[in-house]
Amino acid sequence: MVEAGLAFEVMNAIGLVAFAAVGALKGSDADLDLFGVAVLGFLTALGGGTTRDLLVGRIPTSLQSNIEVLIAAAGVALAVVLAGRVRGDLMESPAVLLPDAIGLAAFAATGAAVGIETGLSPFGVVVTATLTGVGGGSLSDLLLARVPAVLREDFYATPAVVGGAVAPPAVALGLPLGATTLLSAGVVLALRLGALRYGWRLPTV
Amino acid sequence: MVEAGLAFEVMNAIGLVAFAAVGALKGSDADLDLFGVAVLGFLTALGGGTTRDLLVGRIPTSLQSNIEVLIAAAGVALAVVLAGRVRGDLMESPAVLLPDAIGLAAFAATGAAVGIETGLSPFGVVVTATLTGVGGGSLSDLLLARVPAVLREDFYATPAVVGGAVAPPAVALGLPLGATTLLSAGVVLALRLGALRYGWRLPTV
Amino acid sequence: MVEAGLAFEVMNAIGLVAFAAVGALKGSDADLDLFGVAVLGFLTALGGGTTRDLLVGRIPTSLQSNIEVLIAAAGVALAVVLAGRVRGDLMESPAVLLPDAIGLAAFAATGAAVGIETGLSPFGVVVTATLTGVGGGSLSDLLLARVPAVLREDFYATPAVVGGAVAPPAVALGLPLGATTLLSAGVVLALRLGALRYGWRLPTV
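Residues numbered from 1 in each chain as written. Chains lettered and ligands numbered in written order. Predicted model: local features only at pLDDT ≥ 70, side-chain atom pairs only at ≥ 80, totals over all residues. Heavy atoms only, no water.

To keep things clear, this is the line we draw: UniProt positions are given in the numbering used here, feature names are shortened, and annotations may be inferred rather than shown by experiment.
In UniProt, chain A has this text filed under Subcellular location (unreviewed entry): "Cell membrane".

Below is the structure:
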């Protein structure tokens, strides 16, 4: 969708698998049936981008292209296989947290690029970046009747916000959109890994 | 909206009344006030189609045509009249379950047809079929801060998924869209009635 | 967006500040972190209009113009400053309820005008009026996994419904759209202030 090179495509694919697997495991932990588990997996992987496409007036890519769906399906399948065997602290293991951080970076950067292409305000770009990054997981929390985890604690949405916020000035300074997308992704990834490493938190008010 | 003959129109109208009544009764059971009961009734009847229209880039029919709204209003009115008299197992009685199954079939088949008209991928057609069938009820569950019933158990969304999944191959094999819509509706209805009769369930994982 | 004079613009700005502050305080009361508090503030102020824009096929104003966002940001900032000092019955004080009622009137009237401009049915106009008025607060309730307050009790959505319902006949009788918008706003404000003064409620069923 946004041209930012092969490395970026790979990051995006890793994110689709990770998000789908995390969403499906969350559904399985909540005792949903197979349909519910699949819905949570696909929604976590594709829901952020779908919501963003709605906001910018596009028919969602997720309903048109097959490739994203197939990659997300692999993540759901992986979760179904794993669900019976591994439990509990899988979600806290680097095997999940690292690909999840890569996905957050790729998704938020894509969201920022779509916002810029659509001519949104800087605030609009921050919204599309953040929503693409954390919207799928938040929607799946809502389906489980839970307050989205990103609103509570954890330094997870903030990297996406910052990754979105750097994009409009970068473009205004003359950076091409592809490079801006990579810059956004790098900022998100660095902040998210830093948060995991050093336990950063936002204050409550 | 989709041309599939008079019988199909009748199925659709039955569904609007049944969905609106079920939604309004759910609101009444949850002690909502009259506004809340009306919102739940209209949302259950019209919310799935409205969400689908948003996904395919249309201004929702529900906000433009009067006829669907009037039929749904009849369902809400019916529920308000019934709410004081009948209780509890009404929702499990054939007088509700049968028209509800007819509505599920008509709605899911309409959703599949809209997805095909819009040129969505097969996955996209399954999404529009399922969302048109179960989206309204799920949104009303969300407004009540409940996990949507279709994600948990019950063989209710699965017929809509299958009804959506048969449509793209049928069209690819040369079946006209009207006939495909009837085929989808037949598949959904047969599966849903089978589930009610034989107590089918999906496994959890 | 809708031309209805300077007084109306001022009402709208008061509403943005009040809604953003109420939303942010709600987030703070629910122990969200700073990101969550900001999301609830912006969503309460801008979420109703954003949802309405989606329904009528527009890219949301909230993502394009800076002025609404800046006004809402002032409301969020105000709430963050107040959160530590004032507690509890602030939400019930006239200092909150009065600007909130003004905002409800301005928002619902704008929603009615947008619905009429888009050529929606009278039901559609009621939906856009109501959703613009109470959609932001309801979405923020949903993010907190609560049943939206407007569905339960309180005479809060009903003024918006009535304000929307008077607009199509007024336009049909030849009233210009600007004057119709002021009429809608006046009806909403009068009903909401009456409800606060006399404790009106809708019945449950």
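What follows picks up the thread again.
Brief notes about the relation of the copies chain A and chain B
How we decide: Copy-to-copy alignment: least squares on C-alpha atoms, limited to residues at pLDDT 70 or above in both. Contact between two residues is taken to exist if any of their heavy atoms lie within 4.5 Å; hydrogens are not considered.
Once chain A is rotated about the relating axis by 120° and shifted along it by 0.0 Å, it coincides with chain B to within an RMSD of 0.0 Å. What the rotation and shift describe, once combined, is the action of a three-fold rotation axis. Among all C-alpha atoms of chain A, that of Ala-145 of chain A lies closest to the rotation axis, at 3.2 Å. A share of only 10% of interface residues in chain A that are also interface residues in chain B marks the association as one of differing surfaces.

Quick notes on the UniProt feature "transmembrane region" (unreviewed entry) in chain A
Residues and elements named next belong to chain A. What counts is decided by this rule: For the purposes of this entry, the term helix denotes a DSSP run of H or I that reaches at least four residues, the term strand denotes a run of E that reaches at least two, and both are numbered from the N terminus.
The feature "transmembrane region" (unreviewed entry), as annotated in UniProt, sits at residues 6–25, 32–51, 63–83, 95–116 and 122–144 in this numbering. As annotated, residues 32–51 comprises 90% helix and 0% strand, and the C-alpha atoms at either end are separated by 23 Å. In this annotation, residues 95–116 is assigned 100% helix and 0% strand; the end-to-end C-alpha distance for the span is 33 Å.

Quick word on the interface of chain C and chain B
Note the threshold: Values labelled buried area give the accessible surface lost by two parts on being combined, using a 1.4 Å probe and summing over both. Three classes are used: nonpolar for Ala, Val, Leu, Ile, Met, Phe, Trp, Tyr, Cys and Pro, charged for Asp, Glu, Lys and Arg, and polar for all others, with Gly counted as polar.
Opposite the 28 residues of chain C that make contact, chain B presents 30 residues. Both sides together, the interface formed by chain C and chain B hides about 2,100 Å², and carbon and sulfur atoms give 72% of it. Summed over the three residues of chain C that lose the most area to chain B, namely Phe-123, Leu-151 and Val-205 of chain C, the buried surface amounts to 34% of that side. For the side of chain C that touches chain B, the secondary structure elements donating two or more residues are helix H2 (34–55), helix H5 (122–143) and helix H6 (157–172) of chain C. Among the elements that take part in the side of chain C that touches chain B, H5 of chain C stands out by supplying six residues, more than any other. Of the residues that constitute the side of chain C that touches chain B, the class distribution is 18 nonpolar, six polar and four charged.

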